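Summary of the model geometry
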Amino acid sequence: MAPEGGTGRRGRGRPAGSRSGTAETRERILSAARQEFSARGYDKTSIRAIAKSAGVDPALVHHYFGAKEQVFEASIELTFEPAFGVPDVLASGPEGVGERLARFFVAIWENPVSRAPMLAIVRSAVTNDAAAAVLRGIVLRRLLERVASELEVPDPRLRAELAGAQMIGIVMMRYVIKLEPLASADMEEVVALVAPTLQRYLTDPGPVTD
């Protein structure tokens, strides 16, 4: 039996079947990519390994997503989907936005289901330029620019980036490096300490730096 996406008349890597079958295959590939990148990191993950995990021909992975970098980007978007709800947190109004944002962000990382793939992505970005470029593009395009669009203060893009830097710093220290006492601090204590800084970044009409 020829592998899915085999040569035939459709050409190497071309998908066959219904649109629903195509969508299912894409989702299967993305799920496999997410698992592979989470388990192995960017450098040690290959298109062939992703295809094997998804049960498809490697040519089909290339057809749907292109090179490994594009597969990584697609899997990142899937993994970071919960974080793209941040603008909804901001849309509730300026009062208490720092606390809502801190609680929303920390809660995502406290969830073991979402934490594992996100940690793998952050670690890949730290050690690989291509992975860092993909992550940077998604964070800027899908997250920080949307946050900035909700702010009615001077320098909204800078403020959104400062808020993002604050939260990524916590991720690195608490979940990647696991520096004590931050690593074992109660989530509510972390939220309470970080919220005022985020509130100032996002709502204070004065300068964002002292």
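Residues numbered from 1 in each chain as written. Predicted model: local features only at pLDDT ≥ 70, side-chain atom pairs only at ≥ 80, totals over all residues. Heavy atoms only, no water.

Let's talk about unusual backbone geometry
In this structure, P181 follows E180 across a cis peptide bond, with omega equal to 10°. Considering the arrangement of structural elements, one finds P181 in the loop between α9 (156-176) and α10 (187-203). Its identity as a non-glycine residue notwithstanding, K178 has a phi of 60°, on the positive side. (Helix = DSSP H or I, 4+ residues; strand = E, 2+ residues; numbered from the N terminus.)

Some points on the pattern of salt bridges
Opposite charge on two side chains allows them to pair when their charged atoms are near. Across all of its chains, the model carries six salt bridges by this definition. Put simply, R40 and E36 hold a salt bridge, and the shortest N to O gap is 2.6 Å. One end of the pair is R40 and the other is E36, both in helix α1 (residues 19-44) and four residues apart, which spans about a single turn. According to the relative accessible area criterion, R40 is partly exposed, its value standing at 46%. On the accessibility criterion, E36 (12% relative accessible area) is buried. (Salt bridge = Lys/Arg side-chain N within 4 Å of Asp/Glu carboxyl O. Buried < 20%, exposed > 50% of the residue type's maximum accessible area, 1.4 Å probe, protein only.)

Describing the confidence of the model for the protein
In this model, the protein carries an average pLDDT of 82, and 89% of its residues clear a pLDDT of 70 or more. When pLDDT is averaged over each helix and strand of the protein, the minimum, 80, is found for helix α7 (residues 112-127) and the maximum, 94, for α10. Confidence drops under pLDDT 50 across residues 1-19; counting only partners more than four residues distant or on other chains, this segment forms 27 contacts. (pLDDT = per-residue confidence, 0-100. Contact = heavy atoms within 4.5 Å.)

Some points on the environment of L193
On the secondary structure map, L193 appears in helix α10. Look at L193 and you get exposed, because its relative accessible area is 62%. In this structure, the C-alpha to C-alpha distance between L193 and E99, residues 94 residues apart in sequence, is 9.3 Å.

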